[in-house]
Amino acid sequence: MTVAPRGSSVGGVPGPVIETQGLEKRFGRVRALDGLDLVVEQGQVHGFLGPNGAGKSTAIRVLLGMLRATGGEASVFGMHPWRDAVAIHRRVATVPGDVTLWPGLTGGEAIDTLTRLRGHRAPASDRARLIEAFDLDPRRRAKAYSKGNRQKVALIAAFASEADLYILDEPTSGLDPLMESVFQAEIRRVAQRGATVLLSSHILSEVERLCDVVSIIRDGRIVESGSLDQLRHLRHAVVAYRGPAPIGVPIVDVAVDGERVRGSVAPDDVPAVLRWLGEREAQAVTLTPPSLEELFLRHYGDAERVDRARSERAKGERHGEELLAPDVEALAEPEELTGPIASTGVLPSAGPEPAARRRGRHAE
Amino acid sequence: MDGTRLLLAAALRRDRLSLALWVIGVAGLWAAVVGGVGAAFDEESRRGLVALLAAQPALLLLRGAPAGIGLGAVMFVSTFAYLAVMVGLMMTSFAVRHSRGDEDAGRAELVRGTAVGRWAPLAATLLAGAVELAVVCGATAAVSIALGLDATGSLLMAAALAGVGALALLVGLLAAQALPTSRAANGAAAIVVGAWFLVRGIGDALGEPSADLTRVEAAWPVWLSPIGWGAQAHPFADPPWSPDATPLLLLPAAALVLGALVVLLESRRELGGSLLPERGGRAAGGAILGTAPGGAPLGLTARLLFGAGLAWVLVAAAVGAIAGRLAPVVASALADNPGLSRIVSTLGAEGDDTEGVFLSALAAFIGLMASAAAMQAALRLRHEELAHGELVLAAAVRRTGWLASHLLVGAVAGLATLASFTAVAGASLSAAGDDRWGQLVAIAGAHVPLVAVYLAVGAAIVAFVPAAVAWLGWVLLVGLMLAGDFAPLFGEPWEWIEVLSPFHWIANPLAAEPDWTGSRWLAAIAAALLAAAALRFSRRDAVV
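Residues numbered from 1 in each chain as written. Chains lettered and ligands numbered in written order. Predicted model: local features only at pLDDT ≥ 70, side-chain atom pairs only at ≥ 80, totals over all residues. Heavy atoms only, no water.

### Concerning the overall build of chain A
Then, number 1: Counting its regular elements, chain A contains 13 helices and 13 strands.
Then, number 2: When each of the 364 residues of chain A is scored for burial, the buried share is 52%.
Then, number 3: Taken as a whole, chain A presents about 15800 Å² of accessible surface, with 52% of it coming from carbon and sulfur. (Helix = DSSP H or I, 4+ residues; strand = E, 2+ residues; numbered from the N terminus. Buried < 20%, exposed > 50% of the residue type's maximum accessible area, 1.4 Å probe, protein only. Areas by Shrake-Rupley, 256 points an atom, 1.4 Å probe, with all protein chains shown as cover.)

### Description of the overall build of chain B
Then, number 1: A tally of regular secondary structure across chain B gives 22 helices and 2 strands.
Then, number 2: Looking at chain B as a whole, 55% of its 544 residues are labelled buried.
Then, number 3: Of the contacts made within chain B by residues no fewer than 6 positions apart, 79% connect residues no fewer than 24 positions apart.
Then, number 4: Carbon together with sulfur atoms contributes 69% to the accessible area of chain B, which is approximately 21900 Å² in total. (Contact = heavy atoms within 4.5 Å.)

### What to know about the packing of helix H17 (residues 399-431) of chain B against helix H19 (residues 448-464) of chain B
Residues and elements named next belong to chain B.
Then, number 1: It is at 10 Å that the axes of H17 and H19 come closest, and there the two elements cross at 150 degrees. Comparing the axis directions of H17 and H19 gives the class roughly antiparallel. Read as a crossing pair, H17 and H19 show a hand that is right-handed. In this structure, H17 contributes Leu403, Leu407, Gly410, Ala411, Gly414, Leu415 and Leu418 to the contact, and H19 contributes Val448, Val451, Leu455 and Ala459.
Then, number 2: Residue composition of the contact of H17 with H19, by class: 9 nonpolar, 2 polar and no charged. (Axes fitted to C-alpha atoms, helices over the stretch in contact; angles between N-to-C directions. Parallel < 35°, antiparallel > 145°, perpendicular 65-115°, else oblique. Left-handed = near helix turned anticlockwise from the far one by under 90°. Nonpolar A, V, L, I, M, F, W, Y, C, P; charged D, E, K, R; others polar.)

### Details of the pattern of salt bridges
Residues and elements named next belong to chain A.
Then, number 1: Across all of its chains, the model carries 33 salt bridges over all chains by this definition.
Then, number 2: Of the charged contacts in the structure, one is a salt bridge between Glu259 and Arg242, with a shortest N-O distance of 4.0 Å. One end of the pair, Glu259, is in the loop between strand E11 (252-257) and strand E12 (260-265); the other, Arg242, is in strand E10 (residues 237-242), with 17 residues separating them in the sequence.
Then, number 3: Salt bridges linked by common partners bring Glu24, Arg26, Arg31, Asp34 and Arg221 together as one network. (Salt bridge = Lys/Arg side-chain N within 4 Å of Asp/Glu carboxyl O.)

### Overview of the pairing of strand E3 (residues 45-49) of chain A
All names here are of chain A.
Then, number 1: Most of E3 is tucked away: 5 of the 5 residues are buried.
Then, number 2: By the alternation rule, side chains of E3 split into Val45, Gly47 and Leu49 and His46 and Phe48, which are all buried.
Then, number 3: Here E3 runs beside strand E7 (residues 196-201); their pairing, made up of 5 bridges, is parallel. From the neighbouring strand, Phe48 faces E7, where its bridge partner is Ser200. (Pairing = 2+ DSSP bridges.)

### Digging into the packing of aromatic side chains
All names here are of chain B.
Then, number 1: Under the counting rule described, the total for this entry stands at 10 aromatic pairs over all chains.
Then, number 2: Their ring planes at 55 degrees and their centres at 6.2 Å tell us that Phe76 and Phe236 sit as a pair that is tilted. Of this pair, Phe76 sits in helix H5 (residues 71-97) while Phe236 is found in the loop between helix H11 (226-232) and helix H12 (250-268), placing the two residues 160 residues apart along the sequence.
Then, number 3: For Phe236, a relative accessible area of 8% corresponds to the buried category. (Phe/Tyr/Trp six-rings, centres within 6.5 Å; stacked < 30°, edge-to-face > 60°.)

### Digging into the interface of chain A and chain B
Then, number 1: Taken residue by residue, the interface counts 41 residues in chain A and 48 residues in chain B.
Then, number 2: Across the interface of chain A and chain B, roughly 4000 Å² is buried in total on both sides, 53% from carbon and sulfur atoms.
Then, number 3: Across the chain A-chain B interface, the total number found is 5 salt bridges.
Then, number 4: In this structure, B:Asp541 engages A:Lys25 in a salt bridge whose closest nitrogen and oxygen atoms are separated by 2.5 Å.
Then, number 5: Where chain A touches chain B, the interface holds 20 residue pairs in polar contact (both at pLDDT 80 or more).
Then, number 6: If you list the elements that add at least two residues to the side of chain A that touches chain B, you get helix H2 (85-89) and helix H3 (107-118) of chain A. (Buried area = accessible area lost by both parts, 1.4 Å probe. Polar contact = N/O pair within 3.5 Å; in protein donor to acceptor, adjacent residues only side chain to side chain.)

### Digging into the side chain of A:His89
Then, number 1: Locating A:His89 in the fold gives a position in helix H2.
Then, number 2: Engagement of the side chain of A:His89 in a polar contact is seen with the backbone oxygen of B:Leu393, the distance being 2.8 Å.
Then, number 3: A distance of 3.0 Å separates a polar atom in the side chain of A:His89 from the backbone oxygen of B:Ala395.

### Thoughts on the sheet that holds strand E2 (residues 30-40) of chain A
Residues and elements named next belong to chain A.
Then, number 1: A sheet is described by the order of its strands in space; here 3 strands give the open sequence E2-E1-E4, paired in antiparallel fashion. Edge positions in the sheet fall to E2 and strand E4 (71-76), since each has one partner strand and no second. Adjacent strand axes in the sheet meet at a mean angle of 25 degrees, parallel and antiparallel pairs treated alike.
Then, number 2: Pairing of strand E1 (residues 18-27) with E4, which is carried by 5 bridges, proceeds in the antiparallel orientation. The partner of Gln21 across the bridge, within E4, is Glu73.

### With respect to a nonpolar patch on the surface
Then, number 1: Together, B:Trp220, B:Trp223, B:Leu224 and B:Leu250 line one region of the surface with nonpolar side chains, adding up to about 480 Å² of accessible area.
Then, number 2: As for its position among the elements, B:Leu224 is in the loop between strand E2 (216-217) and H11. (Patch = residues over 30% accessible without salt bridge, like charges linked within 9 Å, V, L, I, M, F, W, Y side chains within 5 Å.)

### Describing helix H9 (residues 151-178) of chain B
Since the α-helix turns once every 3.6 residues, residues separated by three or four places project in the same direction.
All names here are of chain B.
Then, number 1: Taking 1.5 Å as the rise per residue, H9 with 28 residues should run 40 Å; its terminal C-alpha atoms sit 40 Å apart, in good agreement.
Then, number 2: Within H9, 22 of the 28 residues are buried, which leaves the element mostly enclosed by the surrounding structure.
Then, number 3: Regarding H9, its N-cap is Asp150, as a side-chain oxygen of that residue lies 3.0 Å from the backbone nitrogen of Gly153 further along. (Expected span 1.5 Å × (residues − 1).)

### As for unusual backbone geometry
Then, number 1: Following B:Pro239, the chain continues into B:Pro240 via a peptide bond in cis, with omega recorded as 5 degrees.
Then, number 2: Positive phi, close to 55 degrees, is recorded for A:Glu281, a residue that is not glycine.
Then, number 3: Structurally, A:Glu281 is set in the loop between helix H9 (270-279) and strand E13 (283-288).

### Details of helix H20 (residues 472-486) of chain B
All names here are of chain B.
Then, number 1: The end-to-end C-alpha distance of H20 is 20 Å, a good match for the 21 Å that 15 residues give at a rise of 1.5 Å each.
Then, number 2: Gly473, Leu477, Met481, Leu482, Ala483, Gly484 and Phe486 are the residues of H20 that are buried.
Then, number 3: Looking at the buried side of H20, the elements it contacts are helix H2 (16-40), H5, helix H16 (354-392), H19 and helix H21 (495-500).

### Focus: the sheet that holds E13(A)
All names here are of chain A.
Then, number 1: Pairing is antiparallel across the open sheet formed by 4 strands, whose spatial order is E11-E12-E10-E13. Sheet topology places E11 and E13 at the edges, where each strand pairs with a single neighbour. Sheet twist, expressed as the mean angle between neighbouring strand axes with direction ignored, is 10 degrees.
Then, number 2: One ladder, built from 4 bridges, connects E10 with E13; its direction is antiparallel. Of the residues in E13, the one forming a bridge with Arg242 is Gln283.

### Section: the environment of A:Val238
All names here are of chain A.
Then, number 1: For Val238, the location among the structural elements is in strand E10.
Then, number 2: Of the residues examined, Val238 reaches a relative accessible area of 6% and is grouped as buried.
Then, number 3: Between the alpha carbons of Val238 and Leu287 there is a distance of 5.6 Å; along the sequence they are 49 residues apart.

### Looking at the environment of B:Ala364
Then, number 1: Mapping B:Ala364 onto the fold places it in helix H16.
Then, number 2: Spatially, the C-alpha atoms of B:Ala364 and B:Ile443 are 8.7 Å apart, while their sequence positions differ by 79 residues.

### Quick notes on the side chain of B:Thr79
Then, number 1: Examined against the element boundaries, B:Thr79 turns out to sit in helix H5.
Then, number 2: With residues up to four places along the chain from it excluded, the contact list for B:Thr79 reads B:Leu29, B:Trp30, B:Val33 and B:Phe486.

### Quick word on the environment of B:Ala188
Then, number 1: Tracing the sequence through the fold places B:Ala188 in helix H10 (residues 182-205).
Then, number 2: C-alpha of B:Ala188 to C-alpha of B:Thr92: the two residues are 96 residues apart in sequence and 9.5 Å apart in space.

That's the geometry; what it means functionally is another story.
Structure, rendered in structure tokens:
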């Protein structure tokens with residue numbers, strides 16, 4: 001393993017805060033990380049997107065030196081995540097995906113323990129402000145906290161640390177919408193201060209609102225990475241209208257339901273399509289830029305489409321025409337899957353994550 | 001009741017492996033001792049064994065009061081109290097696991113949300129406990145009869161074990177209802193079972209030996225302990241005594257009382273509720289809580305382990321108080337009985353100082369407890385790793401520092417347990433004008449290497465075989481103690497088992513020339529294990 005360049009990117013020396021090359025982690029025969037290339041630059045709020053079981057948490061645990069990579073390279077602040085774990089952790093604040101607190105400690109005690117163990121505490125006024133903003137009762141024992149309240153404790157402990165890097169693993173699971181907005185405000189605050197944030201999530205609206213750059217992970221590999229605008233530009237917009245069937249116009253992936261037509265348009269074809277729609281006097285025209293959801297579902301849905309095609313080939317059916325039929329298309333083409341899934345803002349899961357080990361469980 | 005049958009089946013299925021292990025442990029110990037002693041001891045040597053037992057209050061306390069010199073009677077007196085404690089601990093841990101344990105883990109909420117009745121989980125736990133008790137005790141009786149022991153006696157003994165087990169089951173349920181965490185409930189219930197053993201032991205130690213030293217009439221304290229009731233049935237008594245089932249009637253009577261209490265508490269209890277409510281606490285952590293010198297989170301670890309350590313220390317202090325009060329009594333009883341003192345003096349130098357031997361026997365208990373306290377603190381690291389590793393290891397905490405903080409707290413807990421016994425017993429004795437400080441400190445000191453070994457065993461389990469953290473350490477602690485205690489009963493072919501037990505190598509400061517070689521070996525083994533554990537723990541993946 002080559003030695004990563006020493007030095008601090010925060011201290012002015014340019015260089016990514018997090019960099020992995022071909023990172024691999026195997027558990028027995030399972031490849032949790034399969035050549036992960038992730039670069040997080042100084043000052044970014046970097047979205048780390050993927051369905052359950054894609055390898056997000058494994059990647060974070062390798063970056064935090066809890067797991068040892070079986071191949072490839074990784075560096076955090078230019079240091080080795082396993083060997084220099086403690087030095088790295090002095091500059092990092094984390095929120096794990098599944099927060100279990102010590103049942104006998106109060107929330108306030110847990111916050112102070114964690115910030116002191118990190119060794120970089122924010123001023124007491126920050127702690128008080130955060131407890132107030134997140135509406136936490138710090139005197140209660142952790143056993144009596146609900147899932148959302150346990151999450152708040154970890155979030156307060158993270159934001160009450162003056163860290164250079166915040167690594168947050170699905171930090172808003174269990175938070176109500178009010179608290180989510182507090183969370184977003186805190187992210188913006190630390191980002192303004194110049195800190196770097198790696199935000200793993202499968203809540204796309206949150207990532208869309210907060211992140212400058214997004215990396216999408218699937219099966220332990222980064223399948224797409226870039227700024228949201230960049231990614232969007234590569235993708236088709238969704239067009240919907242009431243009117244004639246789109247013949248002789250570059251609308252693809254068409255679904256027709258009586259007069260209602262839906263389809264997608266390549267970025268370069270948008271002017272032509274709009275002209276055509278105007279000439280035909282189409283009604284209720286909407287043109288939606290591709291959402292992160294669609295970017296994401298494209299990668300996630302690909303696997304489904306391949307699987308479907310394979311199984312159909314096995315049955316000896318001609319799958320080429322099948323894919324054009326609207327009902328099949330609705331299942332196979334991710335661009336069409338915007339209805340109920342888009343409204344929840346949560347992706348379907350690829351499989352259960354390792355069973356949560358939870359201790360305290362009282363609802364409030 | 002709705003769902004009871006399903007829950008019962010689920011409970012039994014969940015426990016099938018541990019039930020098998022308990023059957024092997026309990027019935028297997030009985031079979032091994034019957035087989036071993038049957039082969040190794042003829043009537044003459046049994047007579048000598050029982051006379052030795054009757055004459056030595058320390059042995060009466062550890063084993064029990066003999067009721068004859070027949071094979072069954074000798075077996076029963078040397079084994080029953082241990083079997084009763086095993087069955088008792090099996091049932092307390094069973095009860096807590098299936099009540100408070102399920103509630104802590106959130107499973108109870110999941111189950112209660114389905115179409116099961118309010119009483120179904122409790123009913124299923126009681127029934128499953130009864131089934132497990134029937135299996136363990138039935139197997140013990142069957143083994144006993146198959147090995148040729150008297151059938152009535154075997155059934156009486158099994159009934160006594162079952163009765164003790166049923167009471168322990170109810171005590172476990174009560175502890176789970178009263179205390180807010182399964183850890184606390186388990187500890188409290190285990191202390192109750194330990195107290196049953198100790199109270200029975202006090203009654204036996206104060207007992208009145210017969211003139212021919214073939215039996216001992218136990219004193220009144222045995223009637224305060226369910227294990228004592230079982231022992232007083234004398235299932236294998238030789239004439240002139242005969243087996244008597246009457247004392248066993250106390251067991252169902254007590255079970256009715258405890259059972260009514262369980263039902264009463266449960267009828268008022270909400271899911272997850274406890275008699276002792278959780279109090280609110282401090283809004284901010286004290287200055288010590290976050291201390292982590294050199295990346296070792298000492299403040300946090302000490303805070304988390306304080307309660308358990310304190311419990312061990314307090315129990316040791318209570319045993320010390322008993323030792324201080326009792327030692328002079330048993331010694332003077334012996335001095336008043338010229339026949340007895342003649343026998344004791346023929347036992348050699350070790351037997352000379354009855355009081356010293358008695359204190360030493362109780363200190364052996366404390367050594368076991370101190371080892372348990374130390375090992376528990378080391379083993380706890382695995383729980384911390386699973387539950388909180390992702391929070392703790394992401395802070396500026398060194399792995400070796402984390403391990404070291406647990407080892408340090410464990411060492412302090414173990415040494416404090418030894419010290420509190422020594423201090424209380426010594427103070428109590430010297431207040432009565434009997435200065436034995438030097439002897440007591442030497443006896444306690446002889447157990448320090450043992451504590452170190454089990455501290456290291458705990459660390460090694462966490463580092464190398466974390467999956468076995470729930471049972472391996474305790475099997476090694478109790479199993480090797482039993483091996484050390486019982487191997488001498490099996491005769492020479494089994495001496496090698498005794499040699500494997502670290503308990504065998506504890507130095508005896510009462511000897512004319514104490515041999516500390518074994519202690520040095522134990523210390524060296526502990527150091528090697530600790531070094532290996534630290535190396536491994538800092539290199540393996542943290543499972544979070």
